[in-house]
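# Analysis of the macromolecular model
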Amino acid sequence: MKFDNIRKIFGCILLVSFIFIGFFSPLGSIIQLPKELTIFEGQKQIIATSVPVQASQTNDDLDIDYNDDRLTLNAENQGKSEVILQIAGIPVKKVDVNILKDFKVIPGGQSIGVKINSKGVLVVGHHLVETESGKVSPGEEAGIKIGDLITKINGKTIESMGDVGPFVQESGKSGEPLDIVIQRNDKEFHTKLSPKQDAKEQKFKLGLFIRDSAAGIGTLTFYEPKSKKYGALGHVISDMDTKMPIVVKDGYIVPSTVTSIQKGSNGVPGEKLARFLPEKDVAGSIQKNNQFGIFGKLNKELENGVYDKAIPIALSHEVKKGPAQILTVVDEDKVELFDIEIVNSIPQKFPATKGMVIKITDKRLLEKTGGIVQGMSGSPIIQDGKLIGAVTHVFVNDPTSGYGVHIEWMLNEANLNIYEDTLGEAS
């Protein structure tokens, strides 16, 4: 029995020793290094080791520089390599290194006006039709809900509010109900709706409030100079009444000029007020609207006067806490750099929003806006000369702080696949 107790104590000591080595010792700091790293061609990755180590690699795609407590991996050529870290000649860690083809984009920062036409007409409310026999909402009786998208009537595709009226009047006069196709939460179904005649106006009505477009302002995040594919906003555009994402039929962006700013305060988000340029000055199309922003193609190159040449991007695992900058407009159409701090960043292996927490530290920007304001969404975030993400949301109770999205997810939504063998294939 005494021997068993000694063995248990000895086992506990060994366990504690292994835990100490694995988490707190210099050797542990190497063991905890990631198993896989991704670097862009022509860039470098610094690995902090805490102790002097040696390393070997499987090919010449990497060039390794040694220092007392770190290794610098210089990515020479696109490809894959294995790096074996050694202490006193004993292998202690293997790291797989993926070297991606050099990829750069031009950061934005310009204020843009956004106009989106929905795919069909969006139901934003019900109303009662005053008929001779009483008040009724035909649309509500037909089971149509706020947020539904009317895509077809009597087999004909509905593209705008103007398409709806003739069907309604014809149905009212003939007495034949409308066959309406509704899209709701990615599902489609049919319903029958009989318009009712308004006793005062003598017109037939659906008892529905509908909308076919939305407009607002935001900030351009980036564009790829060869394909002209762009991303902006960093978050979805939703209908102001239903809060439902707008399903895009088409749309466009135009340059806009910031005329004034309503400062934000605790509990009250601020806002940029801007003037759109005429539609003849369309800068690009809108092809997609989702949780990561709006995406499409530019008609022409756009300059911001600060970064007019393409710069590298950083993946989520490369983003670090500390100083960074954003590009945005607070006066007319002048794009400027402002200081921020990355408070927290979560390395993400799968697409997700709110990957970073940021805080405005620039005194001039705080004085002008109070922090992050509506219309600033999409402002590119730059750290160490690399585009790392975009501003997305403000904290309502602290307008100096908010969220950012990692740039790799916006690039993916713009159909710019940084993991493809060549940029041509991604375009």
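### Here we look at the environment of Glu-318
Along the polypeptide, Glu-318 turns up in the loop between β25 (311-312) and β26 (322-331). Once the C-alpha coordinates of Glu-318 and Phe-395 are considered, the two residues, 77 residues apart in sequence, prove to be 25 Å apart. Glu-318 has contacts with Gln-43, Gln-45, Ile-313 and Lys-386, leaving out every residue within four places of it along the chain.

### Observations regarding unusual backbone geometry
Among all residues save glycine, negative phi is the norm, and among peptide bonds the norm is trans. Here Asp-384, not a glycine, exhibits a phi torsion of approximately 55°, which is positive. Within the secondary structure, Asp-384 sits in the loop between β30 (380-383) and β31 (386-395). For Asp-384, a relative accessible area of 58% puts it in the exposed group. With a phi close to 60°, Asn-415 is a non-glycine residue in the positive phi region. Relative to the helices and strands, Asn-415 resides in the loop between α6 (407-413) and α7 (423-426).

### Section: the sheet that holds strand β4 (residues 62-66)
With antiparallel pairing, the three strands of this open sheet are ordered in space as β2-β5-β4. Each of the sheet's edge strands pairs with one partner strand only, and the pair in question is β2 (44-48) and β4. Between one strand axis and the next, the sheet turns through 20° on average, direction left out of account. In the sheet, β2 pairs with strand β5 (residues 70-75) via five bridges, with the strands oriented antiparallel. Its bridge partner lying in β5, Ile-46 is registered against Thr-72.

### Quick notes on helix α4 (residues 164-174)
Of all the positions in α4, only Val-164, Phe-167, Val-168, Ser-171 and Gly-172 are classed as buried. Angularly, the buried residues of α4 cover 125° about the axis, an arc narrow enough to put them on a single face. Opposite the buried face of α4, at more than 90 degrees from it, the exposed residues are Pro-166, Glu-170 and Lys-173. Count one or two residues on from α4 and you reach Gly-175, which has phi positive near 85°.

### Re the nonpolar core
Core analysis: the biggest nonpolar cluster contains 44 residues, and Phe-222, Ile-313, Ile-326, Ile-342, Ile-381 and Leu-411 have the highest contact counts within it. Counting residues per element, this core draws most heavily on β26, which supplies five residues. Among all residues touching Ile-326, those that are not within four sequence positions of it are Glu-336, Leu-337, Phe-338, Ile-340, Ile-360, Leu-365, Met-376, Pro-380, Ile-381 and Val-391.

### Some words on the confidence of the model for the chain
Predicted confidence across the chain gives a mean pLDDT of 87, with 90% of residues reaching 70 or more. In the model of the chain, α7 stands out as the element of lowest mean pLDDT, 38, in contrast to β30, which has the highest, 98. With pLDDT under 50 throughout, residues 422-427 is counted as low confidence; its partners more than four residues away or in other chains account for 14 contacts.

### As for the environment of Gln-169
When you line up the elements, Gln-169 lands in helix α4. Placed 27 residues apart in sequence, Gln-169 and Lys-196 show a C-alpha to C-alpha distance of 9.5 Å. Setting aside chain neighbours within four positions, we find Gln-169 in contact with Lys-203 and Phe-204.

### Some words on the side chain of Asp-362
The topology assignment puts Asp-362 in the loop between β28 (356-360) and α5 (363-369). One buried charged side chain, Asp-362, makes no salt bridge at all; its nearest oppositely charged neighbour is Arg-364, positioned 4.8 Å away. Among the polar contacts made by the side chain of Asp-362, one reaches the main-chain amide nitrogen of Arg-364 at a distance of 3.1 Å.

### Observations regarding the side chain of Thr-328
If you trace the backbone, Thr-328 turns up in strand β26. Thr-328 gets classed as buried once you look at its relative accessible area, which sits at 0%. Within polar-contact distance, the side chain of Thr-328 engages the side chain of Ser-379 at 2.9 Å. Setting aside anything within four residues of it in sequence, one finds Thr-328 in contact with Gly-109, Thr-219, Lys-272, Lys-334, Val-335, Glu-336, Phe-338, Met-376 and Ser-379.

Conventions we followed
Residues numbered from 1 in each chain as written. Predicted model: local features only at pLDDT ≥ 70, side-chain atom pairs only at ≥ 80, totals over all residues. Heavy atoms only, no water. Helix = DSSP H or I, 4+ residues; strand = E, 2+ residues; numbered from the N terminus. Contact = heavy atoms within 4.5 Å. Buried < 20%, exposed > 50% of the residue type's maximum accessible area, 1.4 Å probe, protein only. Pairing = 2+ DSSP bridges. Axes fitted to C-alpha atoms, helices over the stretch in contact; angles between N-to-C directions. Arc of directions from axis to C-beta. Core = buried A, V, L, I, M, F, W, Y, C linked by side-chain atoms within 4.5 Å. pLDDT = per-residue confidence, 0-100. Lys, Arg positive; Asp, Glu negative; His and termini not counted. Salt bridge = Lys/Arg side-chain N within 4 Å of Asp/Glu carboxyl O. Polar contact = N/O pair within 3.5 Å; in protein donor to acceptor, adjacent residues only side chain to side chain.

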